Amino acid sequence: MTSGATPLSERQLERQRYRRRRTRTRAAIAAISTVVVLGVVIAVVISSPGWDRVHATFFDWDDAMGSFPDVARSFWLNIRLFLVVEVFVLVLGLVVAIIRVIPSPALAPIKLVAVLYTDIFRGTPTLLIVLLVGFGIPALELSGLPTSLFWLGVIALTLSYGAYIAEVIRAGILSVHPSQWASGRAIGLSYGKTLRHVILPQALRRVAPPLLNDFVSLQKDTALLSTIGLVESLRAAQVISGRDFVFTPYVVAACFFIVATIPLARLTDYLTVRSMRRDGGL
């Protein structure tokens, strides 16, 4: 007896053809409506009385090409900051989250510090943290403290975003059903091994989309470090703008941030949809 796929009935084939037609129709309607709306918006903008002035100030091609090399070189600093801070933020957030979920009375002082840390740094604007760290640490004049603007910026962003990431990871850990803890202990795993091998993999998988959303925000907030003197892309655009009295360099810098964050945003959408499908939401 040969094995093979069961042939589809005529009714099932018709359902598939209907779904394909419906998908194509929806895609066509979405494309047409998008083109129409964008066309109307563009027509309204370029026909406005002040469009020529706005075009010359923000969207001049020659100014864009002239500022592109400097902004591009400076944006590499934004990328380096993001990559370094991302690693430190994940480590700090994971440590703080684990400290807050461990049910050990002996850790009460450390747990209190973790709670205060997350409450204070989530409630303080990131720009203020950048200013406090960037200017406050060097003002202490203590030996051993970093003086590099790069590392001061890394410390500031890590402290700010570590609090957000810690709460996201903690929420993921708490979302795992208690039976998973009981299952790990039942097969002889210690509390630590249960957390490491059973709970954390599930928790991190669940919170991957919100973590990526925070990283998108982190990528943009590297521009805040221009306030302490780092010449990243926004600061480079500001220097050119002040020199030539144009704002097109800001638009060029914005384009770099958009291009860098779109892949993360699309990955976030993909993981969100996949998670909903796995959980039966789609």
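Residues numbered from 1 in each chain as written. Predicted model: local features only at pLDDT ≥ 70, side-chain atom pairs only at ≥ 80, totals over all residues. Heavy atoms only, no water.

1. Some details on the overall build of the chain
1) Next: When you go through the chain residue by residue, the secondary structure sums to 11 helices and 0 strands.
2) Next: Each helix (α) and strand (β) of the chain, taken in turn from the N terminus, gives the series α-α-α-α-α-α-α-α-α-α-α.
3) Next: The C-alpha radius of gyration of the chain comes to 26 Å, more than 25% above the 19 Å expected for a compact globule of 282 residues.
4) Next: Classification of the 282 residues of the chain by burial places 32% in the buried group.
5) Next: Long-range pairs, those at least 24 residues apart, make up 75% of the contacts in the chain between residues at least 6 apart in sequence.
6) Next: When the accessible area of the chain is evaluated, it comes to approximately 17300 Å², of which 67% is carbon and sulfur surface.
7) Next: Placing the 28 positive and 17 negative side-chain charges of the chain at their respective mean positions leaves the two points 17 Å apart. (Helix = DSSP H or I, 4+ residues; strand = E, 2+ residues; numbered from the N terminus. Rg over C-alpha atoms; globule rule 2.2 N^0.38 Å. Buried < 20%, exposed > 50% of the residue type's maximum accessible area, 1.4 Å probe, protein only. Contact = heavy atoms within 4.5 Å. Areas by Shrake-Rupley, 256 points an atom, 1.4 Å probe, with all protein chains shown as cover. Lys, Arg positive; Asp, Glu negative; His and termini not counted. Charge placed at Lys NZ, Arg CZ, Asp CG, Glu CD.)

2. A look at the pattern of salt bridges
1) Next: Enumeration according to the criterion identifies 7 salt bridges in this entry.
2) Next: With a shortest N-O distance of 3.0 Å, Glu14 and Arg17 are connected by a salt bridge. Of the two residues, Glu14 and Arg17 both sit in helix H1 (residues 10-46), 3 residues apart, roughly one turn of that helix.
3) Next: The partner of Arg73 in a salt bridge is Asp70, with the nearest N and O atoms 2.2 Å apart. Taken together, the residues Arg73 and Asp70, both in helix H3 (residues 61-101) and 3 residues apart, mark about one turn of the helix.
4) Next: Linked by salt bridges that have partners in common, Arg100, Arg122, Glu167 and Arg170 make up one network. (Salt bridge = Lys/Arg side-chain N within 4 Å of Asp/Glu carboxyl O.)

3. Topic: unusual backbone geometry
1) Next: Its identity is not glycine, yet Glu141 carries a phi of approximately 55°, on the positive side.
2) Next: By the element assignment, Glu141 lies in the loop between helix H5 (126-140) and helix H6 (149-175).
3) Next: For Glu141, a relative accessible area of 70% gives the class exposed.
4) Next: Residue Phe245 is not a glycine yet carries a positive backbone phi of 60°.
5) Next: The residue Phe245 is located in the loop between helix H10 (233-244) and helix H11 (248-278) in this model.
6) Next: Among the residues examined, Phe245 registers a relative accessible area of 72% and is labelled exposed.

4. Some remarks on the packing of H10 against H11
The relative placement of two packed helices comes down to the angle between their axes together with the axis-to-axis distance.
1) Next: One can describe the packing of H10 onto H11 by two numbers: an axis separation of 8 Å at closest approach and a directional angle of 165°. Considering the angle they form, H10 stands roughly antiparallel to H11. H10 and H11 meet at a crossing whose hand is right-handed. Residues Ser233, Leu234, Ala237, Gln238, Ile240 and Ser241 of H10 touch H11, and the partners they reach there are Pro249, Tyr250, Ala253 and Phe257.
2) Next: Here the contact of H10 with H11 is composed, by residue class, of 7 nonpolar, 3 polar and no charged. (Axes fitted to C-alpha atoms, helices over the stretch in contact; angles between N-to-C directions. Parallel < 35°, antiparallel > 145°, perpendicular 65-115°, else oblique. Left-handed = near helix turned anticlockwise from the far one by under 90°. Nonpolar A, V, L, I, M, F, W, Y, C, P; charged D, E, K, R; others polar.)

5. Here's the deal with H11
1) Next: The end-to-end C-alpha distance of H11, which contains 31 residues, comes to 45 Å, matching closely the 45 Å that a straight helix rising 1.5 Å per residue would cover.
2) Next: Of all the bends found along H11, the most pronounced is centred on Thr261 and spans about 30°, while Pro263, a proline, follows it within four residues.
3) Next: Taken together, the buried positions of H11 are occupied by Thr248, Pro249, Val252, Ala253, Phe256, Phe257, Thr261, Leu264, Thr268, Leu271 and Ser275.
4) Next: At its buried positions, H11 is contacted by helix H2 (51-58), H3, helix H9 (208-221) and H10. (Expected span 1.5 Å × (residues − 1). Bend = angle between axes of the 7 residues up to and from the residue.)

6. Some words on the packing of aromatic side chains
1) Next: Counted under the stated rule, the structure contains 12 aromatic pairs.
2) Next: With a centroid separation of 6.4 Å and an interplanar angle of 50°, the aromatic rings of Phe58 and Phe59 are classed as tilted.
3) Next: Taking the relative accessible area as the measure of exposure, Phe59 reaches 43% and is therefore partly exposed.
4) Next: A ring pair is formed by Phe75 and Phe257, whose centres lie 5.2 Å apart and whose planes are at 90°; its orientation type is edge-to-face. With Phe75 in helix H3 and Phe257 in helix H11, this residue pair connects regions lying 182 residues apart in the sequence. Of the two residues examined, Phe75 and Phe257, each falls in the buried class.
5) Next: An aromatic cluster is built from Trp51, Phe58, Phe59, Phe247 and Tyr250, whose rings are joined through pairwise contacts. (Phe/Tyr/Trp six-rings, centres within 6.5 Å; stacked < 30°, edge-to-face > 60°.)

7. Details of the nonpolar core
1) Next: Of all hydrophobic cores here, the largest spans 41 residues; its most connected members are Leu81, Ile173, Ile199, Phe215, Leu218 and Leu225.
2) Next: Tallying contributions element by element places H6 first for this core, with 10 residues.
3) Next: The residues contacting Ile173, other than those within four sequence positions of it, are Val101, Trp181, Ile199, Leu200 and Ala203. (Core = buried A, V, L, I, M, F, W, Y, C linked by side-chain atoms within 4.5 Å.)

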